[in-house]
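Fold and geometry: a report
Spelled out, the chains give:
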Amino acid sequence: MKVGFIGLGSMGGPMSRNILSAGHDLLVHDIRREAAAGLEVAGAGWAATPQDTAAGREAVITMLPAPAHVERVLLGPDGLLSGLAPGSVWIDMSTSVPAVGDRVRAVAGDVAVLDAPVSGMAAGARAGTLQIFVGGEEAVFHRVRPLLEAMGDPERILYVGGHGAGYTVKLMINLLWFAHLVATAEVLTIGTQAGVDLATLRRCLLASPAASNFLERDVLSVLEAGDYDDSFALALACKDLGLAVDLAGHAGVPAEVSAVVEQVYRRARAQYGDAGGEMLPIKLYEDLTRTPLRLPPSASS
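Overview of the structure. (Residues numbered from 1 in each chain as written. Predicted model: local features only at pLDDT ≥ 70, side-chain atom pairs only at ≥ 80, totals over all residues. Heavy atoms only, no water.)

**Description of the overall build of the protein chain**
Scanning the protein chain from terminus to terminus reveals 14 helices and 9 strands. In terms of overall dimensions, the protein chain is globule-like: its C-alpha atoms have a radius of gyration of 21 Å, near the 19 Å expected for 301 residues. Referenced to the eigenvectors of the C-alpha coordinate spread, the extents of the protein chain come out at roughly 65 × 45 × 35 Å. Looking at the protein chain as a whole, 51% of its 301 residues are labelled buried. Taking all contacts inside the protein chain whose residues are at least 6 apart in sequence as the whole, residues at least 24 apart take part in 65%. Within the structure as shown, the protein chain displays about 13400 Å² of accessible surface, and the carbon and sulfur contribution to it stands at 56%. (Helix = DSSP H or I, 4+ residues; strand = E, 2+ residues; numbered from the N terminus. Rg over C-alpha atoms; globule rule 2.2 N^0.38 Å. Buried < 20%, exposed > 50% of the residue type's maximum accessible area, 1.4 Å probe, protein only. Contact = heavy atoms within 4.5 Å. Areas by Shrake-Rupley, 256 points an atom, 1.4 Å probe, with all protein chains shown as cover.)

Written out as structure tokens, the structure is:
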């Protein structure tokens, strides 16, 4: 398949490399020409503008930081949409919002549109094992599924509904994960400060109805190694939380808990900086109590 790819950051770079490795004809663009250097050596072509990225392409993928970037790349001067041919497909794999897709589709004519955000972090992007949530016309999804399988785990490439459903599912996954993190940090801090051994408390929680994948697996990077996961920055976490809370407002749903989670994340961002890791809200509680939440060796098993 002839494919264009825009956005060669920590996610888009390895995703595009996997597309190239799968044998697709790839044309790439980024605001930083140097981001494409390795891809060009491997056989990808370079496009000077988003519009040029669409030249002769059957599908073009965008993987960009925020909705504003998506809209600018699609609709701005030399925008991608002006170069896409009728019958081609725009696949947005960014974490964005349904409203952006709506505005693009309103002027897209015969260009098909899919929203297909991902989960799996940079490690999943490198390994080609991303989970992908696809919204749009189901027939278009099936047409580009082989392309998606170059980047994701075939068992976890999910068609989730009409236009915007992929964006919504991804935002809800991130929102719940961030809420798990804040709640877990609070529970572990309260319990240990009240005198319960951390390993014992975690073991009891895992044996209870309050068990979660986050408590069992994700939090171990902090509890075992003090690793707050700087592969995903606090600035991006706050962006995603803001989008999720805004979506709640558009949907007419009160989001008091989500708003508090967002507030905790914004406090962590102010404390530790934009580039700090996404799990640094746990450190807010550690710093408050002057007690790192750490398990002794082998206690996590």
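There is more to say, and it comes next.
**What about the packing of helix 8 (residues 165-193) against helix 14 (residues 281-289)?**
At a closest axis distance of 8 Å, the pairing of helix 8 and helix 14 adopts a crossing angle of 20 degrees. By the angle class used here, helix 8 and helix 14 are roughly parallel. Crossing of helix 8 against helix 14: the hand is right-handed. Together, Leu181, Val182, Ala185, Glu186, Thr189 and Gln193 of helix 8 and Pro281, Ile282, Tyr285 and Thr289 of helix 14 make up the contact between the two elements. Considered class by class, the residues forming the contact of helix 8 with helix 14 number 6 nonpolar, 3 polar and 1 charged. (Axes fitted to C-alpha atoms, helices over the stretch in contact; angles between N-to-C directions. Parallel < 35°, antiparallel > 145°, perpendicular 65-115°, else oblique. Left-handed = near helix turned anticlockwise from the far one by under 90°. Nonpolar A, V, L, I, M, F, W, Y, C, P; charged D, E, K, R; others polar.)

**Let's talk about the nonpolar core**
Generally speaking, soluble globular proteins have nonpolar side chains that are buried together. Grouped together as the largest cluster of nonpolar side chains are 55 residues, with contacts concentrated most on Leu74, Leu80, Leu84, Trp90, Leu188, Tyr265 and Ile282. Looking at this core element by element, the count peaks at 8 residues for helix 8. When sequence neighbours within four positions are dropped, the list of residues in contact with Tyr265 reads Trp177, Phe178, Leu181, Val182, Leu234, Ala237, Cys238, Leu241, Glu278 and Pro281. Among the nonpolar cores identified, the runner-up in size contains 36 residues, and Val3, Val28, Ala44 and Ala125 belong to it. (Core = buried A, V, L, I, M, F, W, Y, C linked by side-chain atoms within 4.5 Å.)

**Considerations on the pattern of salt bridges**
Counting across every chain of the model gives 12 salt bridges. Among the salt bridges present, the one from Lys239 reaches Asp240, with a minimum N-O distance of 2.7 Å. Judged by its relative accessible area of 19%, Lys239 is buried. (Salt bridge = Lys/Arg side-chain N within 4 Å of Asp/Glu carboxyl O.)

**Looking at unusual backbone geometry**
For Asp78, which is not glycine, the phi dihedral falls at a positive 55 degrees. Relative to the elements of secondary structure, Asp78 occurs in the loop between helix 4 (67-75) and strand 5 (89-92). In this structure, Arg290 takes a positive phi of about 55 degrees despite not being glycine. Examined against the element boundaries, Arg290 turns out to sit in the segment after helix 14. Arg290 sits in the exposed class, given a relative accessible area of 75%.

**Overview of the pairing of strand 9 (residues 152-161)**
Bridge count between strand 8 (residues 130-135) and strand 9: 5 bridges; the pairing is parallel. Its bridge partner lying in strand 9, Phe133 is registered against Leu158. For the segment spanning strand 8, helix 7 (residues 138-149) and strand 9, crossover handedness is right-handed. (Pairing = 2+ DSSP bridges. Right-handed = clockwise from strand over helix to strand, strands pointing away.)

**Side note on the packing of aromatic side chains**
Evaluation of the coordinates by the stated rule reveals 4 aromatic pairs. Arranged with centres 5.8 Å apart and planes meeting at 80 degrees, the rings of Trp177 and Phe178 form a pair that is edge-to-face. Note on Trp177 and Phe214: the rings are 5.3 Å apart at their centroids and 80 degrees apart in plane angle, and the pair reads as edge-to-face. Residue Trp177 is found in helix 8, and its partner Phe214 is found in helix 10 (residues 213-218); the two are separated by 37 residues along the sequence. Note on Phe214: relative accessible area 2%, which makes it buried. Every member of this aromatic cluster is reached through a ring pair, and the members are Trp177, Phe178, Phe214 and Tyr265. (Phe/Tyr/Trp six-rings, centres within 6.5 Å; stacked < 30°, edge-to-face > 60°.)

**With respect to the packing of helix 4 against helix 5 (residues 98-105)**
Packed helices, taken two at a time, are described by the angle between their axes plus the distance between the axes. Across the interface, helix 4 lies against helix 5 with an axial gap of 10 Å and an inter-helix angle of 10 degrees. Put simply, helix 4 runs roughly parallel to helix 5. Touching Pro67, Val70, Glu71, Leu74 and Leu75 of helix 4 are Val100, Arg103 and Val104, all from helix 5. Looking at side-chain class alone, the contact of helix 4 with helix 5 contains 6 nonpolar, no polar and 2 charged residues.

From the geometry alone we can't say anything about function, so treat these as descriptive.
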